[in-house]
Amino acid sequence: MNVKTAGRTLDLFEAFAREGKPLSLSQLARAIGAPVSSCFGIVRTLEARGYLYEVKARGGFYPTKLLFEHARVIASHDPLAERFVPLLEKLRDQTGETVLVSKRLDRQAVYLEVLESPHSIRYSPQVGEFRPLHASASGKALLGGLAPALRNELLSGMKLPRVTSRTITSRAALEADLEQGQARGWYVTRGETVADLMAVAVPVAVNGETYSVALAGPMHRMDGALKRHAKLLTELRTALEREA
């Protein structure tokens with residue numbers, strides 16, 4: 001199986017998640033951007049392995065629960081979740097805001113854990129979503145947690161595209177922002193990725209790897225509670241790193 005086939009297989013499951021109904025072979029081919037013949041091969045392989053079944057009355061295919069069962073077992077043994085989640089749940093309950101755990105993947109931050117705020121108006125990203133390092137609190141914390149030489153190397157080849165009117169787009173301004181974050185021990189964004197979103201984050205070093213833990217929510221709630229949120233995050237970082 002080559003990389004293109006792996007990508008198309010993931011695209012196929014994402015199409016089912018997006019559409020929420022059985023899809024015909026031609027619909028799947030359009031959704032994954034592949035010729036019908038190539039899509040047919042993927043569908044038949046997944047069907048033979050028990051991941052899809054044919055819904056003849058609807059003229060299409062739909063996933064079985066096998067993928068869900070595998071995912072459930074995998075998630076139950078996630079070493080990150082075992083260590084982080086109880087403390088993250090406490091942080092969410094203390095602050096009432098969405099809690100995020102991220103890791104750097106090249107020049108982006110990817111969300112590994114998302115614990116949503118109980119408020120009806122809240123930040124609701126999905127696990128696996130990416131955010132730019134320069135425009136997110138999670139990304140800034142990950143940059144701030146790097147050794148200076150590695151951070152300099154990364155920034156040297158990194159583009160800083162504008163996401164909103166508040167996005168930092170110059171390296172000098174970004175480095176100044178990171179220096180401020182390092183000095184106080186936490187990093188913040190105000191509308192730099194999403195216009196009314198504010199977030200505060202800290203880097204966390206666990207077993208030689210750097211993660212970020214962030215709190216995010218609407219600016220009108222976050223702004224007045226920033227110092228308290230930052231204090232709770234720094235206390236969480238200390239607890240997590242002490243357990244490592």
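Structure first, text after, so check above.
A. Here's a closer look at unusual backbone geometry. Even without glycine at this site, aspartate 106 takes up a positive phi of about 60 degrees. Among the structural elements, aspartate 106 can be located in the loop between strand E3 (98-105) and strand E4 (108-115). Even without being glycine, asparagine 207 reaches a positive phi, approximately 50 degrees. By secondary structure assignment, the location of asparagine 207 is in the loop between strand E7 (197-206) and strand E8 (209-218).

B. Quick peek at the side chain of threonine 164. Assignment of secondary structure puts threonine 164 in the loop between helix H7 (148-156) and helix H8 (171-184). Since its relative accessible area comes to 14%, threonine 164 is described here as buried. Here glycine 191 takes part through its backbone oxygen, which lies 2.5 Å from a polar atom of the side chain of threonine 164. Setting aside anything within four residues of it in sequence, one finds threonine 164 in contact with Gly191, Glu192, Thr193, Val194 and Ala195.

C. Expanded view of helix H6 (residues 137-144). Across the eight residues that make up H6, a large majority, eight, are buried. Every buried residue belonging to H6 is among Ala137, Ser138, Gly139, Lys140, Ala141, Leu142, Leu143 and Gly144, and all of these are buried.

Criteria and cut-off values
Residues numbered from 1 in each chain as written. Predicted model: local features only at pLDDT ≥ 70, side-chain atom pairs only at ≥ 80, totals over all residues. Heavy atoms only, no water. Helix = DSSP H or I, 4+ residues; strand = E, 2+ residues; numbered from the N terminus. Buried < 20%, exposed > 50% of the residue type's maximum accessible area, 1.4 Å probe, protein only. Polar contact = N/O pair within 3.5 Å; in protein donor to acceptor, adjacent residues only side chain to side chain. Contact = heavy atoms within 4.5 Å.

Note that every value here comes from positions in space, so none of it alone points to a role or purpose.
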